[in-house]
Amino acid sequence: MSSYTPSQIEPRWQAAWAEAETFTARRDPARPKYYVLEMFPYPSGRLHIGHVRNYTLGDVVARYKRATGHNVLHPMGWDAFGLPAENAAIATGTHPADHTYANIEEMKTQMRPLGWSLDWSREFATCDPDYYGQQQALFLDMLDAGLVYRKNAVVNWDPVEMTVLANEQVEDGKGWRSGAEVERRELTQWFFKISDHAEELLDGLDTLDNWPSKVKLMQANWIGRSRGLQFSFGLVDGPEGHDRIEVYTTRPDTLLGASFVGISPDHPLAKTLEAEDPAVAAFCAEVRRGGTSEEAIETAEKRGHDTGLRVRHPFDTSAELPVYIANFILMDYGTGAIFGCPAHDARDFEFAQKYDLPVIPTFLPDEDASTEFSQAYVPLKSEKVFYCKGFSGDDWQTGEAAIEAAIDFCEANGVGHAVTKYRLRDWGLSRQRYWGCPIPVVHCDACGVVPERKENLPIELPRDVTFDVPGNPLDRHATWRDCDCPACGQPARRETDTMDTFVDSSWYYARFTAPKADTPTVAEDADYWMNVDQYVGGIEHAILHLLYSRFFARAMKITGHLPESASEPFDALFTQGMVTHAIYTTNRPMDGRPVYHYPEEVELRDGKAFLKDTGTEVTVIPSAKMSKSKNNVVDPLKIVDTYGADTARWFVLSDSPPERDVEWTAAGAEAANRHLGRVYRLTDEITAAEGSGTGDDDLMREMHRTIRDVTAGLESFGFNAAIAKLYGFTNTLSKSQAGAEAKRTAARTLAQLMSPMTPHLAEEMWRMLGGDGMVVNASWPQADEAMLVDTQVTLPIQINGKRKAEIVVAADASKADVEALALEQDAVQRALDGGSPKKIIVVPGRIVNIVV
RNA sequence: GCGGUCGUGGCGGAAUUGGUAGACGCGCAGCGUUGAGGUCGCUGUUCUUUAACCGGAGUGGGGGUUCGAGUCCCCCCGACCGCACCA
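An account of the accompanying structure is given in this report. (Residues numbered from 1 in each chain as written. Chains lettered and ligands numbered in written order. Predicted model: local features only at pLDDT ≥ 70, side-chain atom pairs only at ≥ 80, totals over all residues. Heavy atoms only, no water.)

### Things to note about the pattern of salt bridges
A side chain of one charge can pair with a side chain of the opposite charge when the charged atoms of the two come close. Here the structure, examined in full by the defined rule, presents 44 salt bridges. We note a salt bridge from Arg225 to Asp203, for which the minimum N-O separation is 3.3 Å. Remark: Asp203 occurs in helix H6 (residues 198-204) and Arg225 occurs in strand E8 (residues 225-236); sequence separation between them is 22 residues. Ionic pairing is found between Arg481 and Asp482, a salt bridge with its closest N-O pair at 3.2 Å. Of the residues examined, Arg481 reaches a relative accessible area of 15% and is grouped as buried. Judged by relative accessible area, Asp482 falls into the partly exposed class, the value being 39%. Look at the salt bridges and you will find they share partners, linking Glu200, Arg550, Arg554 and Glu568 into a network. (Salt bridge = Lys/Arg side-chain N within 4 Å of Asp/Glu carboxyl O. Helix = DSSP H or I, 4+ residues; strand = E, 2+ residues; numbered from the N terminus. Buried < 20%, exposed > 50% of the residue type's maximum accessible area, 1.4 Å probe, protein only.)

### Side note on unusual backbone geometry
Put simply, Leu457 and Pro458 share a cis peptide bond, and its omega is -5°. Inspection of the secondary structure assignment puts Pro458 in the loop between strand E21 (448-451) and helix H13 (473-476). Following Met530, the chain continues into Asn531 via a peptide bond in cis, with omega recorded as 5°. In this structure, Asn531 sits in the loop between helix H17 (523-529) and strand E25 (534-538). Unlike most non-glycine residues, Asp237 shows phi in positive territory, near 55°. The exposed category is assigned to Asp237, whose relative accessible area is 70%. We note that Asn800 has phi near 50°; this positive angle belongs to a residue other than glycine. Take Asn800: it is sitting in the loop between strand E33 (792-799) and strand E34 (802-810).

### Regarding the sheet that holds E21
What the four strands build is an open sheet, ordered E21-E20-E23-E22; its pairing is antiparallel. On the outer flanks of this sheet lie E21 and strand E22 (482-484), each paired with one strand and no other. Neighbour to neighbour, the strand axes of the sheet diverge by 45° on average, direction disregarded. Relative to strand E23 (residues 491-494), strand E20 (residues 441-444) runs antiparallel, the two being bridged by two bridges. Counterpart to His443 in the pairing with E23 is Arg493. (Pairing = 2+ DSSP bridges. Axes fitted to C-alpha atoms, helices over the stretch in contact; angles between N-to-C directions.)

### A look at the packing of aromatic side chains
All told, the structure shown has 47 aromatic pairs when counted by the stated rule. Arranged with centres 6.3 Å apart and planes meeting at 70°, the rings of Trp427 and Phe551 form a pair that is edge-to-face. On the criterion of sequence distance, the pair formed by Trp427 in strand E18 (residues 427-428) and Phe551 in helix H18 (residues 544-558) is long-range, its members being 124 residues apart. Phe551 shares its class with Trp427; the two are buried. Lying over the aromatic face of Tyr149, Lys193 brings its terminal NZ or CZ to 5.8 Å of the ring centre. The ring of Trp480 carries the charged tip of Arg494 above its face, separated from the ring centre by 5.7 Å. (Phe/Tyr/Trp six-rings, centres within 6.5 Å; stacked < 30°, edge-to-face > 60°. Lys NZ or Arg CZ within 6 Å of the ring centre and 35° of its normal.)

### Description of the pairing of E23
Bridge count between E22 and E23: three bridges; the pairing is antiparallel. Each bridged residue has a counterpart across the sheet, and for Asp484 the counterpart in E23 is Pro491. Between E22 and E23, which pair antiparallel one after the other, the connecting turn spans six residues, and Gly489 there sits at a positive phi close to 80°.

### Thoughts on the packing of helix H22 (residues 696-715) against helix H23 (residues 719-735)
Interhelical geometry of H22 versus H23 gives an angle of 165° and a closest axis separation of 8 Å. Judged by the inter-axis angle, H22 sits roughly antiparallel to H23. Relative to H23, the crossing made by H22 is left-handed. Across the interface between the two elements, Leu699, Glu702, Met703, Thr706, Asp709, Val710, Gly713 and Leu714 from H22 touch Phe719, Ala722, Lys725, Leu726, Phe729, Thr732 and Leu733 from H23. Taken together, the residues that form the contact of H22 with H23 break down as nine nonpolar, three polar and three charged. (Parallel < 35°, antiparallel > 145°, perpendicular 65-115°, else oblique. Left-handed = near helix turned anticlockwise from the far one by under 90°. Contact = heavy atoms within 4.5 Å. Nonpolar A, V, L, I, M, F, W, Y, C, P; charged D, E, K, R; others polar.)

### Description of the nonpolar core
The biggest cluster of nonpolar side chains holds 156 residues, and the ones touching the most others in it are Phe139, Phe192, Tyr508, Tyr509 and Phe552. Looking at which element gives the most residues to this core, the answer is helix H2 (residues 49-67), with nine residues. If you look at the next biggest cluster of nonpolar residues, it comprises 41 residues, including Leu235, Ile245, Phe339 and Phe349. (Core = buried A, V, L, I, M, F, W, Y, C linked by side-chain atoms within 4.5 Å.)

From the geometry alone we can't say anything about function, so treat these as descriptive.
Here it is in structure tokens:
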């Protein structure tokens, strides 16, 4: 009797797959293709258990689709540009390229033992000049097509380091290294015109039937289509060049309740005043402190500065409204100016309280309701309310109707016009950093901004740079920076900004279809392999990465690099949850601050946790996000070393539905390992079994039910449910008294059904049971319908909706028979207590409910 | 602040989408094997009451719709994800 030794089994089958080039994808028009893609990793150098979950989920799909006759493309690459490599360079002096490529090698050696069915022949990193050179070609085509332009935009500026900071490098409005108060500063930057495609990107969501509806909803809210009124307030004695303020509102029905006008500190009028008035300048400078993130702006205390200017109300010419510069108004949205109606907007109300502005209701919950408000009254737009200052004759109407009436009235009276606006802003792609794809343009004194010639691509990053001085090394690299103008040949300067790493990840899925080509894509490969049939990744990418990728697919269609049919590049999307792990803490005696302990230092007894060394009781925080500083990171390599890859794979799939978070527990991993050992032993026993037994038919029926349920689970990402079925079937098989032949058939099927999850063990079982070839090439078992038919069903009997009994009846029993049998039950008789039922509901094949 | 999601035994979680709540696993308990323990096998395990049966309660809290609600609607509480320069 042999025992389960993954350390021998797993490398053997991995070598066999590699030898046969099983996972190398080739175009084959004879077979249906299937493209499975997981979001490619940032090469941090350490494989995380979250990666194990992500790539195992995709691998189950890839292996299952192989078994169902598909020609599967399942590639892997590296999202290799970005800040961490520069941070490492600053901290340790290692060059970003050396750091990154070393990490890639390290991660690859960590990934290989997991047995994912990846086509490594297509591997690339986004920092390979081959890749980013094609990205530069794509950029030039987009520039040519009018999809790229330059404008000013604000960045986080660290006045001590004299460097632009990323949002994550700003903590509480201060630079993370310098601790200096961050300022918002304007720079000229490159932008993609994603907002031109806002409508298509919004409408396209409707075609994505196999995307989670929450992701579609988040994207729709992000794009944020709104219909409203745009009009202007006339300025009374405004500064030269400013005779009116253009505002946009989605609530024109509240216009008669306006009590002030607010403009963004970046509004042209604010800038004019800033230049003239030191008080305005001081206020604007104050507001510009702190980070640029929307979160930072929105959560800051609402403040305003009265400019002293007044505007005339378009409908009430006797009223003049004060004009405030307010810190919560974004220049990027609408016109950068609003009118405030404190009665019907919570922010405006807060503002009005602070600056003692009137609160004028335009509608009320009731005709005689008080007009004195203690908070803003903001009902749903679909709710009917009483308009005391409305635009149409109808006093009682919904907000929706009132908005339309207000727009009609304003347009009829020559005040503004209806417009549709989008919240979506253009995508700023400039980064003032070294470790990214260089933007392939040249600045020439004579010719202006000149695109590089395609034959000069790739514009490679120079190797000889240092990070000892803050700022972008490309700015200081004279021999790289200085060049000849591609147009006139005179001395010129290269653009030293590089691209946002979101650009890299916005088209890698297309590049995988022809990763070595000397154009961004190749038509016949893209036509054959696109779209991605199943995309798998984290919910944290629900908005930006996925929206940018959808935009790029359209841009690549416009520039001729992808077919029209690939405009929505991901047919199906699955977003998986995190892998969490308990945190173990004790309090340090001297100051009570938490000390974090590794799981190995802790032992569990009587439902409590104690330190192994001292016996001190430990506080357990369950299900926390893994974090190095909390010492609760699980190292997948250790798990693979201890239990094998199949155990790690089985466990990350088993406990939790894939879209939810899963808590990693040592006990759970041991249980998974124990089960796989049991399956191995059972297979070994069955291999040696001989002769006939009893219950062959029952075993075969259960086998076909298992095929049906596991298949359904795999089709719907119900991997945990599929695994629960496999546990059940293993138990059935282990207890079965069936004959050797039936058991062997059942065990071979078990091997096949397990193969997407535990491919190495499945191969080993298949071999032991005398299966033909490798199980990876075997076609998926089919459930026999005839074996699935049940002749009898168990029906629960409810009294007033509470289950009290159950009956077993023929599957085709009549309602009357079921009713009669139900009434005979002791529990029913007790409940009726001599009386007769009020009502009996019989749902055939489901349930009987008796109302008494 | 805005947008989104989730909340079920001691624990991870299941529930054909409005029809037997707690599948499967962990843990725990008992029995068997081994005989030091562990492994392995079998049985039990929502809570409460009870010797047991019979009952009662029960899916974060409160209310509603329905013959019937974990599932649908409203309010509240808590946790998590995103917020445009982290990837």
